[in-house]
Amino acid sequence: MNWKNLKIKHKLLLGFGSIMLISTLLGALTSLKLNQIKTKSQTLSTQLLPVVTSLTELERNWHRSVLSFRAYTSSQRSVDYFQALSFMDEGQKELERLLERTQNNDKVYSELTLLHDDIANFRAMAQKTFNNIQTSNILTQNNAIDK
C-alpha cells in the first residue's frame, strides 16, 4: 500500500488522525509546562512573598520615621522624636528578618547589611540632633535628615 492506492476517505482519515495526534502531543506538552510554571511560581511566592512584604513594611516604617524626625526638627516636640525612634525600631526588626531570609543571596544580603549600617548612622545622627536641641539652624538639620 502506498499513498496513491489509498482512497480519498482513507487519506482524509490519515490526515485528520495525524493532526489530532500532533494536537494531542502539543496539548500534553503545554499542560506539562503550565504545571511546571504553576509549581515554580508557588514555590517562588512562598519564598519571596514574605521578603517583599518585609521590604514594604521596612520602607513604610522608614518613611514614617523620617517624617517624624522632620516634624521633630521643625516643632522640637519630644513626642515626634520618640515616635520616630519607634518607627525606626520597627523598621530595624523588619530589616533583621530580611537579613535572615536573604542569607543565601550574597548581593541582596550585602546591600541589606549596608542599609543596616546606614540606619545605625542615621540613629546616631538623630540622637545627636536630639541632644543638641539648641541648634538654631533647623534647615541644616532637615537637610541632614534628608541625606
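The structure presented is a predicted model; accordingly, all values stated were derived computationally and were not measured.

## Concerning the overall build of the protein
Next, step 1: Looking only at helices and strands, one finds 4 helices and 0 strands in the protein.
Next, step 2: Starting at the N terminus, the α and β elements of the protein follow one another as α-α-α-α.
Next, step 3: Considering the protein as a whole, with its 147 residues, one finds that 22% of them fall into the buried category.
Next, step 4: When contacts within the protein are restricted to residue pairs at least 6 apart in sequence, long-range pairs at least 24 apart make up 60% of them.

## Some details on the packing of helix H1 (residues 8–75) against helix H2 (residues 78–101)
Next, step 1: Contact geometry of H1 with H2 gives a least axis separation of 8 Å together with a crossing angle of 160°. Here H2 runs roughly antiparallel to H1, going by the angle between their axes. As for how H1 packs across H2, the hand of that crossing is left-handed.
Next, step 2: Looking at side-chain class alone, the contact of H1 with H2 contains 15 nonpolar, 8 polar and 6 charged residues.

## Things to note about the nonpolar core
Next, step 1: Ranked by size, the top nonpolar core spans 16 residues in total, and within it Phe69, Tyr81, Met88, Leu95, Leu98, Leu112 and Phe122 carry the most contacts.
Next, step 2: For this core, the secondary structure elements donating two or more residues are H1, H2 and helix H3 (106–131).
Next, step 3: Element by element, the count of residues in this core is highest for H2, at 7 residues.

## A few points about H1
In an α-helix, one turn spans 3.6 residues, which is why side chains three or four residues apart end up on the same side.
Next, step 1: In a regular helix each residue adds 1.5 Å, so 68 residues correspond to 100 Å; H1 covers 93 Å between its end C-alpha atoms and thus fits that length.
Next, step 2: The sharpest bend along H1 comes to roughly 35°, located at Leu48, with the proline Pro50 sitting one to four residues further on.
Next, step 3: Buried within H1 we find Val51, Ser54, Leu58, Asn61, Ser65, Val66, Ser68, Phe69, Tyr72 and Thr73.

## Section: the pattern of salt bridges
Next, step 1: The final tally for this structure, using the stated rule, is 4 salt bridges.
Next, step 2: A salt bridge links Asp89 to Arg123; the nearest nitrogen and oxygen atoms lie 2.9 Å apart. In this pair, Asp89 is assigned in helix H2 and Arg123 in helix H3, connecting sequence segments 34 residues apart.
Next, step 3: Judged by relative accessible area, Asp89 falls into the partly exposed class, the value being 34%.
Next, step 4: Residue Glu94 is joined to Arg97 by a salt bridge in which the shortest nitrogen-to-oxygen separation is 2.3 Å. With Glu94 and Arg97 both in helix H2 and 3 residues apart, the pair spans about one turn of that helix.
Next, step 5: For Glu94, a relative accessible area of 12% corresponds to the buried category.

## Comments concerning a nonpolar patch on the surface
Next, step 1: Together, Ile22, Leu26, Leu29 and Leu32 line one region of the surface with nonpolar side chains, adding up to about 420 Å² of accessible area.
Next, step 2: Positionally, Leu29 belongs in helix H1.
Next, step 3: You can call Leu29 exposed: its relative accessible area is 54%.

## Here we look at the confidence of the model for the protein
Next, step 1: Residues of the protein with pLDDT of at least 70 account for 87%, and the chain-wide mean is 79.
Next, step 2: Averaged pLDDT values over the elements of the protein bottom out at 65 in helix H4 (residues 138–146) and peak at 84 in H1.

Reading the values: rules and limits
Along each chain, residue indices are assigned from 1 in the same order as the chain's sequence is written. In keeping with the predicted nature of the model, local features appear solely for residues at pLDDT of at least 70, side-chain atom pairs appear and are counted solely at 80 or more, and the whole-chain, interface and lining totals rest on all residues. Values shown for side chains rest on all heavy atoms present in the structure; no hydrogens or waters enter the calculation. A run of H or I in DSSP counts as a helix once it spans at least four residues, and a run of E counts as a strand once it spans at least two, with each numbered from the N terminus. Burial classification: accessible surface area is computed with a 1.4 Å probe over protein chains only, and a residue below 20% of its type maximum counts as buried, one above 50% as exposed, and the rest as partly exposed. Residue contacts are defined here by distance: any two heavy atoms, one from each residue, within 4.5 Å place the two residues in contact. Orientation is described by lines fitted to C-alpha atoms, with helices fitted over the stretch in contact, and by angles between N-to-C directions that extend from 0 to 180 degrees. Orientation labels follow simple angle bins: below 35 degrees gives roughly parallel, above 145 gives roughly antiparallel, 65 to 115 gives roughly perpendicular, and whatever is left gives oblique. Here a crossing is called left-handed whenever its near helix is offset anticlockwise from the far helix by less than a right angle, and right-handed whenever the offset is clockwise. Classes in brief: Ala, Val, Leu, Ile, Met, Phe, Trp, Tyr, Cys and Pro nonpolar; Asp, Glu, Lys and Arg charged; the others, Gly included, polar. Buried Ala, Val, Leu, Ile, Met, Phe, Trp, Tyr and Cys residues form a nonpolar core when they are joined through side-chain atoms within 4.5 Å. Multiplying one less than the number of residues by 1.5 Å gives the expected span of a helix. Fitting axes to the seven residues ending at a residue and to the seven starting there, one defines the bend at that residue as the angle between these axes. Salt-bridge detection follows one rule: a side-chain nitrogen of Lys or Arg within 4 Å of a carboxyl oxygen of Asp or Glu. Patch criteria: residues need more than 30% relative accessible area and no salt bridge. Like-charged residues are merged within 9 Å; nonpolar side chains of Val, Leu, Ile, Met, Phe, Trp and Tyr are merged within 5 Å. Surface exposure here means Shrake-Rupley accessible area, sampled with a 1.4 Å probe, where a residue is shielded only by the protein chains that are shown. Residue-level confidence of the predictor is what pLDDT reports, using numbers from 0 through 100.

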